[in-house]
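Chain by chain, the residues run as shown.
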Amino acid sequence: MSDQSQQTGKPGLITPFNIFAVIVLIIGAYLTFLRFTQGLGSITHLSDNNPWGLWIGFDLLCGVALAAGGYTTSTACYVFGMKRFHAAVRPAILTAFLGYAFVVFALNYDVGRPWRLPYPIFVSPGTTSLLYEVGLCVFIYLTVLFVEWVPAALEWLGIKKTRDVIVNKLTLVLTIFGVILSTMHQSSLGALYTIAPSKLHPLWYSQYLPLYFFISSMFAGLSMVIFEGSISHRYFHHLMDEEHKAGFNDLILAFAKGASIIMAGYFIMKVVGISADDNWAYLGTGYGLWYLVELFGFVALPSFLYAIGVREKNLKLIQWTSALTVVGIMLNRFNVSLVAFNWQLPAADRYFPSWGEFGISIFIITLLILVFRFIVTRMPIFYEHPQFKDSHH
Amino acid sequence: MSISRRKFLGLIGTAGATVALGGVAQAAGNHHFEGYPDTYGVLFDATLCIGCRKCEAGCQKVNEQDLPKPEVPFDDLKVLDAPRRTSATAYTVVNKFADAGAKGPVFVKKQCNHCLEPACASACFVKAFTKNATGAVTYNANVCVGCRYCMVACPFNIPTYEYNKALAPRIMKCTMCHPRILEGKLPGCVEACPKEALSFGKRKDLLAAARDKIRSNPGVYLDHVYGEAEMGGSNWLYVTGVPFKNIGMREDLGVTSAPELTHGALAAVPVAAGLWPVLLGGIYAVSKRNEKVAAAEAKAAAKAGKAGGIDTAGEALTKALNKLDDETAKKVKGDYDKALAALTAKKHHGGDE
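Caption draft 1: Representation of the overall build of chain B in the model. Across its full length, chain B holds nine helices and nine strands. The 353 residues of chain B split such that 38% are buried. Counting only contacts in chain B whose residues sit at least 6 apart along the sequence, the fraction spanning at least 24 positions is 59%.

Caption draft 2: Region of the structure containing the overall build of chain A. Each helix and strand counted, chain A has 14 helices and zero strands in total. Put simply, chain A runs from its N terminus to its C terminus through helices and strands in the order α-α-α-α-α-α-α-α-α-α-α-α-α-α. In summary, chain A has a C-alpha radius of gyration of 21 Å against a globular reference of 21 Å for 393 residues, a match within 12%. For the C-alpha atoms alone, the extent of chain A along its principal axes is close to 60 × 55 × 45 Å. A separation threshold of at least 6 residues defines the contact pool for chain A, and within that pool the share at least 24 residues apart is 79%. Working note: accessible area of chain A is about 16,400 Å², and carbon and sulfur atoms make up 71% of it. For chain A, the distance from the average site of its 24 positive side-chain charges to the average site of its 21 negative ones is 5 Å.

Caption draft 3: Just the interface of chain B and chain A, in detail. Facing 58 residues of chain B, the contacting portion of chain A comprises 62 residues. At the junction of chain B with chain A, the criterion picks out two salt bridges. As a salt-bridge pair, B:Arg148 and A:Asp110 come within 3.0 Å of each other at their nearest N and O atoms. Counting the contacts that link chain B with chain A gives 31 residue pairs in polar contact (both at pLDDT 80 or more). Counting only elements with at least two residues in the side of chain B that touches chain A, the list comes to α3 (119-123), α4 (149-153), β6 (160-161) and α8 (258-308) of chain B. Considering each element in turn, the side of chain B that touches chain A owes the most residues, 17 residues, to α8(B).

Caption draft 4: Here's a closer look at a nonpolar patch on the surface. A cluster of nonpolar side chains, contributed by A:Leu13, A:Ile14, A:Ile19, A:Ile23 and A:Ile27, occupies part of the molecular surface with about 560 Å² of accessible area. Inspection of the secondary structure puts A:Ile27 in helix α2 (residues 16-38).

Caption draft 5: Region of interest: the nonpolar core. Judged by nonpolar contacts, the single largest core of 187 residues is most densely connected at A:Trp149, A:Tyr193, A:Leu200, A:Ile381, B:Tyr149 and B:Leu198. With 15 residues, helix α8 (residues 130-157) of chain A is the single largest residue contributor to this core. In this view, A:Leu200 contacts A:Tyr193, A:Tyr205, A:Leu209, A:Val336, A:Ala340, A:Phe341 and A:Trp343; residues no more than four positions away in its chain are not counted. Counting residues in hydrophobic clusters, the runner-up holds nine residues, among them B:Leu206, B:Leu207, B:Ile214 and B:Tyr221.

Caption draft 6: Representation of the confidence of the model for chain B in the model. All names here are of chain B. For chain B, per-residue confidence averages 86 on the pLDDT scale, and residues scoring 70 or more make up 86% of the total. Counting contacts from residues 14-27, a segment whose pLDDT is below 50, to residues more than four positions away or on other chains yields one contact. Predicted complex, confidence summary: ipTM 0.92, pTM 0.86.

Caption draft 7: The arrangement of the environment of A:Leu61 in detail. Residue and element names in this part refer to chain A. Tracing the chain through its elements places Leu61 in helix α4 (residues 54-66). Taking the C-alpha atoms as reference points, Leu61 and Gly190, separated by 129 residues in sequence, lie 8.8 Å from one another. Once residues lying within four places of it in the same chain are set aside, the contact partners of Leu61 are Ile56, Leu189, Tyr193, Phe213, Arg333 and Ser337.

Caption draft 8: Focus on the packing of α4(A) against helix α13 (residues 315-339) of chain A. All names here are of chain A. The interhelical angle for the contact between α4 and α13, taken along N-to-C directions, is 140°, at an axis separation of 9 Å. The angle between α4 and α13 places the two elements in the oblique class. Considering how the two elements wind past one another, α4 and α13 form a crossing that is right-handed. On the side of α4, the interface is formed by Leu54, Gly57, Phe58, Leu61, Cys62, Ala65 and Leu66, while α13 contributes Val326, Ile329, Met330, Arg333, Phe334, Ser337 and Leu338. Across the contact of α4 with α13, the residue classes break down as eleven nonpolar, two polar and one charged.

Caption draft 9: Broad picture of the sheet that holds strand β8 (residues 198-202) of chain B. Residues and elements named next belong to chain B. In spatial order, the strands read β8-β1-β9; together these three strands make up an open sheet with mixed pairing. Since the sheet does not close on itself, it has two edges, and those belong to β8 and β9 (236-239), each with one partner. Pairs of neighbouring strands in the sheet enclose a mean axial angle of 25°, with direction left out of account. Summarising the sheet, strand β1 (residues 40-45) and β9 pair through four bridges and their orientation is parallel.

Caption draft 10: Quick peek at the environment of A:Asn332. All names here are of chain A. Following the sequence through the fold, Asn332 ends up in helix α13. Take Asn332: its relative accessible area is 5%, and that puts it in the buried class. Sequence separation of Asn332 and Trp115 is 217 residues, and the distance between their C-alpha atoms is 31 Å. Once you skip the residues sitting within four places of it in the chain, Asn332 turns out to touch Phe213, Tyr266, Lys270 and Glu294.

Caption draft 11: Here's a closer look at the confidence of the model for chain A. In the predicted model, chain A carries a mean pLDDT of 92, and 96% of its residues have values of at least 70. Contacts for the low-pLDDT stretch residues 1-9 of chain A, under 50 throughout, to residues beyond four places or in other chains number four contacts.

Caption draft 12: Representation of the pattern of salt bridges within the structure. Residues and elements named next belong to chain B. Inspection of every chain in the model, using the stated rule, returns 23 salt bridges over all chains. Put simply, Glu56 and Arg53 hold a salt bridge, and the shortest N to O gap is 3.0 Å. Each member of the pair Glu56 and Arg53 is classed as buried. Of the charged contacts, one joins Asp223 and Arg211 as a salt bridge, the two residues approaching to 3.5 Å between their closest N and O atoms.

Caption draft 13: Spotlight on the pairing of strand β2 (residues 93-101) of chain B. Two elements, β2(B) and strand β3 (residues 104-110) of chain B, share six bridges in a ladder whose sense is antiparallel. Of the residues in β3(B), the one forming a bridge with B:Asn95 is B:Val108.

Caption draft 14: Structural detail: helix α14 (residues 355-376) of chain A. All names here are of chain A. The end-to-end C-alpha separation of α14 is 31 Å, in line with the 32 Å expected for 22 residues at 1.5 Å each. Taken residue by residue, α14 has Gly356, Glu357, Gly359, Ile360, Ser361, Phe363, Ile364, Thr366, Leu367, Phe372, Ile375 and Val376 as its buried positions. On the buried face of α14, the contacting elements are α2, α3 (40-43), α4, α6 (86-110), α8 and α10 (209-235).

Caption draft 15: View of the packing of aromatic side chains. All names here are of chain A. According to the stated counting rule, one finds 33 aromatic pairs over all chains in the structure shown. For the ring pair Phe17 and Phe20, a centre distance of 6.4 Å and an interplane angle of 40° mean the geometry is tilted. Remark: Phe20 and Phe17 occur in helix α2; sequence separation between them is three residues, near one turn of the helix. By relative accessible area, which is 28% here, Phe17 ends up partly exposed. Judged by centre distance (6.2 Å) and plane angle (65°), the ring pair of Tyr208 and Tyr212 falls under edge-to-face. Three or more aromatic residues link up through ring pairs in this structure, and these residues are Phe36, Trp55, Phe102, Phe105 and Tyr109.

Caption draft 16: Main features of the side chain of A:Ser230. Residue and element names in this part refer to chain A. As for its placement among the helices and strands, Ser230 is situated in helix α10. Engagement of the side chain of Ser230 in a polar contact is seen with the side chain of Gln319, the distance being 2.9 Å. If we ignore the near neighbours within four places in the chain, the residues touching Ser230 are Phe248 and Gln319.

Reading guide: rules and limits
- Residues numbered from 1 in each chain as written.
- Chains lettered and ligands numbered in written order.
- Predicted model: local features only at pLDDT ≥ 70, side-chain atom pairs only at ≥ 80, totals over all residues.
- Heavy atoms only, no water.
- Helix = DSSP H or I, 4+ residues; strand = E, 2+ residues; numbered from the N terminus.
- Buried < 20%, exposed > 50% of the residue type's maximum accessible area, 1.4 Å probe, protein only.
- Contact = heavy atoms within 4.5 Å.
- Rg over C-alpha atoms; globule rule 2.2 N^0.38 Å.
- Areas by Shrake-Rupley, 256 points an atom, 1.4 Å probe, with all protein chains shown as cover.
- Lys, Arg positive; Asp, Glu negative; His and termini not counted.
- Charge placed at Lys NZ, Arg CZ, Asp CG, Glu CD.
- Salt bridge = Lys/Arg side-chain N within 4 Å of Asp/Glu carboxyl O.
- Polar contact = N/O pair within 3.5 Å; in protein donor to acceptor, adjacent residues only side chain to side chain.
- Patch = residues over 30% accessible without salt bridge, like charges linked within 9 Å, V, L, I, M, F, W, Y side chains within 5 Å.
- Core = buried A, V, L, I, M, F, W, Y, C linked by side-chain atoms within 4.5 Å.
- pLDDT = per-residue confidence, 0-100.
- Axes fitted to C-alpha atoms, helices over the stretch in contact; angles between N-to-C directions.
- Parallel < 35°, antiparallel > 145°, perpendicular 65-115°, else oblique.
- Left-handed = near helix turned anticlockwise from the far one by under 90°.
- Nonpolar A, V, L, I, M, F, W, Y, C, P; charged D, E, K, R; others polar.
- Pairing = 2+ DSSP bridges.
- Expected span 1.5 Å × (residues − 1).
- Phe/Tyr/Trp six-rings, centres within 6.5 Å; stacked < 30°, edge-to-face > 60°.

Right, here's the structure in full:
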């Protein structure tokens, strides 16, 4: 039975992952019930001193950064004219769309009155706030990503007319829109913290924070495409058409090259930032050591490893490096939002996530993977729909 | 002189545009907002505070709709032994700093400082905070989403949140008794203070009073009015006889207000909207043109090939080459034969000799 299912490439319903997923969903449902009946205090370690925790540091900051593969890939393909990466655009757009959709979903747990999430845009816009700017851009970008993704669903459903209009007329406009909106909100997420110089450790606080967040989102996106593509090739290989399979190695090399160069630039910008604020003395402290671990272990090292991987065409090395880079991005976002935030408070007042917070975050990632799997096993994501072959932009 | 209707409307339009542009130009220039004139404030004198917690009780009394009575009564002074901060059930708390001064403990009252340019109001993405003409910074729960960015933004760690309310949690924060001020009454805490450690008045008068206190009591006060400049200044002002950092008040906040800190990042945002379409459109045009040129060149090459008849030309070339080969071979063979013959002849002659 299992042999047969492996041959057809369609495993049965009872797999280790599915069992895990069901358990996570049950726990998640219970935590959701607690959250919306007893408030944030019942399942989180958030406090008056630590109003933002794991759900902002991970679900929002990491989620948005790692969903940057959408705009980087579509820009490479449609704007820079690297048409050979066409097959990679759909998976990247789908990942970005689901990434943003679940970022917004996760926010429903964190904010006090989630049904008021449209308020900043439609009821009482607070235009002096960087969070307003983030909210507006994420809202519009989610719409853009939806429109970019929807042709796959329309092909699946066989609705040709609308699909053709979007693909033929809107692709370039949507791509450029994607870059504008991504530039704005990726950077604004970093800029959120520029309002609190007294709370964020000087090594992480900088007027360049918006620039750091935007530039790092680029290599986060590129690395995520490599990382997630590698995993997809392992589990969804049977779904991929020849163009997708053939182009992937080429894409890995090109994206690794891009990421390596951008990370080198990012490294220099970080050094310039330390210099601009004259923060050299802090490097000798415990926080300084931690900063150097982030900068050398998770920026300089992966940049170097990517370069070697590209030169020697070592795909394995590049794939491992992409994982290292993704971890590095998460480390950076955690450092800004949690580790270096409130660094001056006594240890007793510091924050560490509760089990409930971890539970909801894992619940949301699991949901995302399930929806991703549902879509790629049904819609033309890893292959071109036979009816629409060569009719892409 | 007659003015046509169209001309009149045009003039009005021009005037309107000039007014509008004038306003914009002023805002974008080096315009400085001094704050509302004649705003009120409170001056706290740490040398007079005895830590009786009457202000806390007074605050709860005037806000009893929102603040519950505490489990430990206000006259129990043991709570002063542990440091406290504002909470969802207490807009103001008094802290005791036992080792702060040589002449015994120093008490400090903590509550919203009502900044001149409030970080919370600047950070709020639904404009839930208002800086009123009275000086009070007030909060409107009717638009609040509960994102808690105001709490992240506040340099004094003042706003608090109702973490245990499931569906309608609010931000909880001192209002400087804005409604009471409008009625001509004193804030609850000021009214309750038995020692005149709190004085209410116009901020500019309070600043003058603070300076006067410092000047006329040599050796009693430090020459620093906290709140005059911190984070752009606040309506709550403090004087003390011991360094502020010894009584839990940060001296490293700087004088830049929160809106100024984020102004640069916020101003850069629209630049992206303006620049990217131009740059990316340009890059797209270049890559598109490269494609076109390459395609045209390939087409031209193919055309040129076809006009000459690539196939026939190729055949001719092969034939020519073959012919050449044949000729060369013949020629070489002829030469070789000749040479061989000559050699044989030479040998022959030589043999004869």
